[in-house]
Amino acid sequence: MTVTGEHRMLIDGELVDAASGATYSNINPATEESLGEVADAGAPDMERAIAAARRAFDESDWANDRELRKRCLRQLHEALNKERETLRPQIVAEVGAPLMLTYAVQMDSCIDDMEWDIECIDRVEWEYDLPEHEFMGMRSARRVLREPIGVVGAITPWNFPFMLNLSKIVPALAAGNSVILKPAPDTPWSATFIGKLASEYTDIPAGVLNVVTSSDPATVGEMLTGDPRVDMISFTGSTAVGKRIMANGADTLKRVFLELGGKSANIVLDDADLAAQCAAGAMVCMHGGQGCAITTRMLLPRSRYDEGVELLTAAFESWKYGDPTDAENLQGPLINARQRERVLGYIEKGKAEGARLVVGGGRPAQHEKGYYVEPTLFVDVDPDSTIAQEEIFGPVLVVIPYEDDDDAVRIANNSPYGLSGAVSGGDFDRAYGIAKRIRSGTVSVNGGLWFGPDSPFGGYKQSGLGREHGIAGFEEYLETKTIGLPPKG
């Protein structure tokens, strides 16, 4: 079967099928039916992509011509703007993402935010002088240069694929690197669509951007992460895979950016608006709970625990979910059958370990097809239990009681992860003080949203290394060179 042009890979400036001609089906998680075929890359395709990216970085003007980079990325931005309504239903069908989310973080906001990364080309201080300095009896001038790191391998997951594709390739390209994008096998079209527009509507030189899709991410991923011609890997996904990538790049001392798992805590203080916080508690089910920064542990004060459980029960029982094309639904299916069974397995583990299941816990009877799991609420959860410690990545909230502020902080930090969190309370200074004690990369206080193109995002502990977005995220893709010069005087 021939892959249509829209779903071919982009390698060395050409939209191509896999060298072997192999394809695989892209599955709609809401219907369990094939959306179509996509190129199924093997080792020869990844070899060609790596060679093209290396050659483009070493031999083209891309790394040094900042005006070219701005022009090309603005061409891509313009093309994506024009094609929003073509892309929107494709994301809903491919990801199972609720339609409403495409008007935010699944599509619209990340297209809008591209301009911030493009403007970083002018915002970054590419070279600057240090004061003259005397060392070993010699005075010298010194100049610091910021330079692109080289060839970047960008590996993205299936939960927010379009956003994460842009979050990696745009700053990496703006910084002057060449890129090989390897999307998750479940969501290849979110990447091939970008490749198609880059090929047809931009002046990006051949080999600067490559998109390689494969049903066997282990084979092509091992090549990408281990190859000495690749200078950096930018990865978003599970902690287990992140550890493997770090180990695989060790022989070449490859730089790695890792945005990994989370088990974030939402601390509701005893002076908080409990009704409002619990009414919003079911939001952990948004997009099926498939978000690394979602606050999937809710910590309620013992003094108001029963009241909170009652309010949460009502919120979960009234939560709307189902067909992702219905704009009223904020929860669609999980990405595939394997993920559905994984989540159901965690639910059984929670029951076996003594947590009290209040709402949900199974496959919804009204959905005969689709990888759905009911919105699920566990209460009376042991902070050390499996469902309180491990990332479930499904529509499951675990509720844990605490005694006082110190106990809440202790429970929140009792995790191998440190990606995000939240604190809410009537006394802002108290809530902010607790937020500062949480060992995580981002924290929301009284509903404040930390997300934005200029806001560094990343984790502590096993939630990752480095930051994405903001100046800190842009600088992940740069090297620093210091040159000693004779004194000017």
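A quick note: this is a predicted structure, and the numbers were derived from the prediction, not measured.

**Student:** Account for helix H3 (residues 84-95), naming residues and giving values.
**Tutor:** The end-to-end C-alpha distance of H3, which contains twelve residues, comes to 16 Å, matching closely the 16 Å that a straight helix rising 1.5 Å per residue would cover. Counting buried positions over the twelve residues of H3 gives nine, a clear majority of the element. Burial in H3 covers these residues: Arg-84, Leu-87, Arg-88, Gln-90, Ile-91, Val-92, Ala-93, Glu-94 and Val-95. Directly after H3, the chain includes Gly-96, whose backbone phi takes a positive value near 75 degrees.

**Student:** Just give me the short version of empty space enclosed by the protein, but keep the residues and values in it.
**Tutor:** Which parts of space are left empty comes out when a probe the size of a water molecule is rolled across the atoms. Per the counting criterion, the structure on display carries three cavities of 30 Å³ or more. What lines the largest cavity is a set of 14 residues, and nearest its centre among them are Cys-110, Asp-113, Asp-117, Ser-167 and His-469. Put simply, the parts of the chain that give the lining of the largest cavity at least two residues each are helix H5 (108-123) and helix H6 (161-174). It is H5 that provides the largest number of residues to the lining of the largest cavity, a total of five residues. A breakdown of the residues in the lining of the largest cavity according to their chemical character gives eight nonpolar, four polar and two charged.

**Student:** Run through the side chain of Thr-213, naming residues and quoting values.
**Tutor:** With respect to the secondary-structure elements, Thr-213 resides in the loop between strand E9 (209-211) and helix H8 (217-226). Judged by its relative accessible area of 1%, Thr-213 falls in the buried class. With near-sequence residues (within four places) excluded, Thr-213 lies in contact with Met-9, Val-38, Ala-39, Asp-40, Ala-41, Pro-183, Pro-188 and Thr-192.

**Student:** Can you lay out the nonpolar core for me, pointing to particular residues and giving the numbers?
**Tutor:** Core analysis: the largest hydrophobic core is formed by 54 residues, its most contacted members being Leu-80, Phe-162, Leu-166, Ile-169, Val-179 and Phe-474. If you tally residues by element for this core, the top one is H6, at nine residues. For Phe-474, the residues in contact, after removing those within four places along its chain, are Asp-117, Cys-120, Ile-121, Val-124, Trp-126, Pro-171, Ala-174 and Ala-175. Counting 31 residues, the second largest nonpolar core, distinct from the first, contains Val-343, Ala-355, Tyr-371 and Val-381.

**Student:** Give a description of the sheet that holds strand E15 (residues 376-379) that names residues and reports values.
**Tutor:** Sheet architecture is open: seven strands sit in the order E14-E15-E16-E13-E12-E18-E19, paired in mixed fashion. At either margin of the open sheet sits one strand with a lone partner, and together these are strand E14 (356-359) and strand E19 (444-445). Pairing of strand E12 (residues 265-268) with strand E18 (residues 421-424) involves four bridges; the strand directions are parallel. By the bridge assignment, Ile-267 is partnered in E18 with Val-423.

**Student:** Any details on unusual backbone geometry? Residues and values, ideally.
**Tutor:** A positive phi angle is found at His-287, which is not glycine, with a value near 55 degrees. You can see His-287 is positioned in the loop between helix H10 (274-279) and strand E13 (297-301).

**Student:** Lay out the packing of aromatic side chains with the relevant residues and their values.
**Tutor:** If you walk through the whole model with that rule in mind, you get five aromatic pairs. Ring plane angle 15 degrees and centroid distance 5.8 Å describe the contact between Phe-428 and Tyr-432, whose orientation is recorded as stacked. Here Tyr-432 and Phe-428 lie together in helix H15 (residues 428-437), a separation of four residues that amounts to about one turn. When its relative accessible area of 41% is taken as the criterion, Tyr-432 is described as partly exposed. With centroids separated by 5.1 Å and ring planes inclined at 5 degrees, the aromatic side chains of Trp-450 and Phe-457 adopt a geometry described as stacked. A relative accessible area of 7% places Phe-457 in the buried class. Three or more aromatic residues joined by ring pairs make a cluster, and in this case those are Trp-450, Phe-451 and Phe-457. Here the basic side chain of Arg-88 rests over the ring of Tyr-103, its NZ or CZ set 3.9 Å away from the ring centre.

Thresholds applied
- Residues numbered from 1 in each chain as written.
- Predicted model: local features only at pLDDT ≥ 70, side-chain atom pairs only at ≥ 80, totals over all residues.
- Heavy atoms only, no water.
- Helix = DSSP H or I, 4+ residues; strand = E, 2+ residues; numbered from the N terminus.
- Expected span 1.5 Å × (residues − 1).
- Buried < 20%, exposed > 50% of the residue type's maximum accessible area, 1.4 Å probe, protein only.
- 1 Å grid on protein atoms, 1.4 Å probe; cavity = no way out; pocket = protein on both sides within 12 Å on 5 of 7 lines; lining within 4 Å.
- Points joined across faces, edges and corners; volume = space filled by probe spheres on them.
- Nonpolar A, V, L, I, M, F, W, Y, C, P; charged D, E, K, R; others polar.
- Contact = heavy atoms within 4.5 Å.
- Core = buried A, V, L, I, M, F, W, Y, C linked by side-chain atoms within 4.5 Å.
- Pairing = 2+ DSSP bridges.
- Phe/Tyr/Trp six-rings, centres within 6.5 Å; stacked < 30°, edge-to-face > 60°.
- Lys NZ or Arg CZ within 6 Å of the ring centre and 35° of its normal.

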